[in-house]
Amino acid sequence: QVQLVESGGGLVQAGGSLRLSCAASGRTFSTYTIGWFRQAPGKEREFVCGINGSGGSTCDVAYVKGRFTVSRDNAKNTVYLETNSLQPEDTAVYYCAADRKFISRRSYDYDYWGQGTQVTVSA
């Protein structure tokens, strides 16, 4: 199995950027698909980006608008989420999740979750 720890969140002004990290433990990390999700107060958890074990990725949901990119470094057991041109609407707790399957936009397709890292964007 795999354990995940997110980091890199914080407070940033609108237009700024943050690099979030998802550090994983597990001998077979490279075989896992990693999804990034976010959840704002009073809202449902929503998909942000995903990357599979081969490095194929998607960040095509409308609310990302090409502003975010995802990458992985299997040698470091880490997946990154680069967030750019941040807006107050991006304020949320950001989670990474893992499973041995294709990239899914549905949170219930992932079995392993980190505790999240808070991203707050001020106007």
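Quantities reported herein were computed from a predicted structural model and do not represent experimental measurements.

As a further point, take the nonpolar core. In terms of nonpolar packing, the biggest core is built from 33 residues, with Trp 36, Leu 81 and Tyr 94 touching the most fellow members. Of all the secondary-structure elements, those providing two or more residues to this core are strand 3 (18–25), strand 4 (33–39), strand 5 (46–51), strand 7 (68–73), strand 8 (78–83), strand 9 (92–99) and strand 11 (117–122). For this core, the element with the highest residue contribution is strand 9, accounting for five residues. Dropping the residues within four chain positions of it, Tyr 94 is found in contact with Glu 6, Leu 20, Trp 36, Phe 37, Arg 38, Val 48, Phe 68, Leu 81, Gly 116, Thr 117 and Val 119.

Moving on, we come to the state of the cysteines. According to the stated counting rule, one finds two disulfides in the structure shown. Note that Cys 22 is cross-linked by a disulfide to Cys 96, the S-S spacing being 2.1 Å. Where Cys 22 bonds to Cys 96 through sulfur, the torsion about that S-S bond is close to 75 degrees, and the disulfide is right-handed. Residue Cys 22 is found in strand 3, and its partner Cys 96 is found in strand 9; the two are separated by 74 residues along the sequence.

Okay, the environment of Val 119 next. Within the secondary structure layout, Val 119 lies in strand 11. Residue Val 119 is classed as buried on the basis of its relative accessible area, which comes to 2%. In this structure the C-alpha to C-alpha distance between Val 119 and Pro 88, which are 31 residues apart in sequence, comes to 9.6 Å. Residue contacts for Val 119: discarding those within four places in its chain leaves Gly 9, Gly 10, Leu 18, Leu 20, Asp 90, Thr 91, Ala 92 and Tyr 94.

Conventions and cut-offs
- Residues numbered from 1 in each chain as written.
- Predicted model: local features only at pLDDT ≥ 70, side-chain atom pairs only at ≥ 80, totals over all residues.
- Heavy atoms only, no water.
- Core = buried A, V, L, I, M, F, W, Y, C linked by side-chain atoms within 4.5 Å.
- Buried < 20%, exposed > 50% of the residue type's maximum accessible area, 1.4 Å probe, protein only.
- Helix = DSSP H or I, 4+ residues; strand = E, 2+ residues; numbered from the N terminus.
- Contact = heavy atoms within 4.5 Å.
- Disulfide = S-S within 2.5 Å.

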